[in-house]
Amino acid sequence: MFVLPWTSSFFISATIICEPAAPSAFAQRIDREWPLAPGQSRENQICTTSLWGVPDSRSFVSTVIDAGDMPGQRSIRFEIDEAGNPVELEAMQVGRGVLDELVPILLFCLTGAALLARFGTTPGKRLFALRVVQDNGEPPPFAKTAKREALRMLPTILAAFSAPLLLLSLSIFGTGDILRDAINAVTIFGAPVQVILLVGGLLSPLLAIVWWVWPFIRWRGQTIYDRLTGCRVIYSPKSRTSHSTPAAE
């Protein structure tokens, strides 16, 4: 599926409700640009994305369904304005998209950093009697826990920039026609837009695996972000029953 633009999804309850799309000039253009082959059918829908029950965006989704021995389907999706017209690349608010993604992530990092600096643990770590300390065994200061939490969430933070970079790449390497690029991405093997989408889709999961999973496969006592910040996680049964505060200077 080719999706433009994006929606904030970090710790947000998002629901999507779709209904059949009424005939429109845009639907007719899709019919011309993406003609059906024998045995295929098309379904056009208007989908409304709501965040915590509040409508956030509307999208036009066109799906081609393949019949026969190997049934399948391919879809393209466009955000539309109130009049039902597709939003062009130039009108997409890239900066706002990054901000929408980064704000909840940064709040999450700051909350975790504050808990680690104050108590040495978070609710999840406390449940398993784990504490974060510096390499010398002392409680970490807020500056260090903030750096640790930011590095811990690095793949998620970088993912917040992936959509704007994707849009920039499409504007540079695409045909300049957003509809044509979308159709190429789902119909032509090796199309430039398809390659961009594939590379973007692979890099983010690969970084997450290297950053979060690989250290536990080859465990050396610390995660990557712990080593970079001079911290380590220790087992501390007392953290289940009491809080520890930094010693007064």
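Our subject is the structure that appears above.
Structural notes, computed from the coordinates. Computed from a prediction, not measured in an experiment: that's the story for all the values here.

Let us look at the packing of helix H1 (residues 25-33) against helix H7 (residues 178-187). Across the interface, H1 lies against H7 with an axial gap of 11 Å and an inter-helix angle of 50°. Here H1 is positioned oblique relative to H7, judged by the angle of their axes. Crossing geometry of H1 relative to H7 is assigned as right-handed. Residues Phe26, Arg29, Ile30 and Glu33 of H1 touch H7, and the partners they reach there are Leu179, Arg180 and Ile183. Taken together, the residues that form the contact of H1 with H7 break down as 4 nonpolar, no polar and 3 charged.

All told, the structure shown has 6 salt bridges when counted by the stated rule. One salt bridge connects Arg180 with Glu33, and the closest N-O pair in it is separated by 2.6 Å. Taken together, the residues Arg180 in helix H7 and Glu33 in helix H1 connect sequence positions 147 residues apart. Close ionic contact of Arg74 with Asp66 constitutes a salt bridge, the shortest N to O distance being 3.7 Å. The partly exposed category is assigned to Arg74, whose relative accessible area is 27%.

Bringing the nonpolar core into the picture now. Among the nonpolar cores identified, the biggest contains 15 residues, and Phe26, Ile30, Trp34, Phe60, Ile76, Phe78 and Leu179 are the most heavily contacted of them. Mapped by element, the contributors of at least two residues to this core are H1, strand E4 (54-66), strand E5 (72-80) and H7. Leu102, Ile105, Ile157 and Ala160 belong to the second largest nonpolar core, which has 6 residues in total.

Our focus in this paragraph is the packing of aromatic side chains. Tallying each qualifying case throughout the model produces 3 aromatic pairs. An angle of 70° between the planes, with centres 5.2 Å apart, marks the rings of Phe26 and Phe60 as edge-to-face. Note that Phe26 is positioned in helix H1 and Phe60 in strand E4, a separation of 34 residues in sequence. Phe60 matches Phe26 in its accessibility class, with the two residues each being buried. Taken together, a centroid distance of 5.3 Å and an interplanar angle of 10° make the contact between Phe216 and Trp219 stacked. Given the relative accessible area of 53%, Phe216 is considered exposed. Classification of Trp219 by relative accessible area gives partly exposed; the value is 47%. An aromatic cluster of three or more residues is present, and its members are Phe26, Phe60 and Phe78.

Parameters at a glance
- Residues numbered from 1 in each chain as written.
- Predicted model: local features only at pLDDT ≥ 70, side-chain atom pairs only at ≥ 80, totals over all residues.
- Heavy atoms only, no water.
- Axes fitted to C-alpha atoms, helices over the stretch in contact; angles between N-to-C directions.
- Helix = DSSP H or I, 4+ residues; strand = E, 2+ residues; numbered from the N terminus.
- Parallel < 35°, antiparallel > 145°, perpendicular 65-115°, else oblique.
- Left-handed = near helix turned anticlockwise from the far one by under 90°.
- Contact = heavy atoms within 4.5 Å.
- Nonpolar A, V, L, I, M, F, W, Y, C, P; charged D, E, K, R; others polar.
- Salt bridge = Lys/Arg side-chain N within 4 Å of Asp/Glu carboxyl O.
- Buried < 20%, exposed > 50% of the residue type's maximum accessible area, 1.4 Å probe, protein only.
- Core = buried A, V, L, I, M, F, W, Y, C linked by side-chain atoms within 4.5 Å.
- Phe/Tyr/Trp six-rings, centres within 6.5 Å; stacked < 30°, edge-to-face > 60°.

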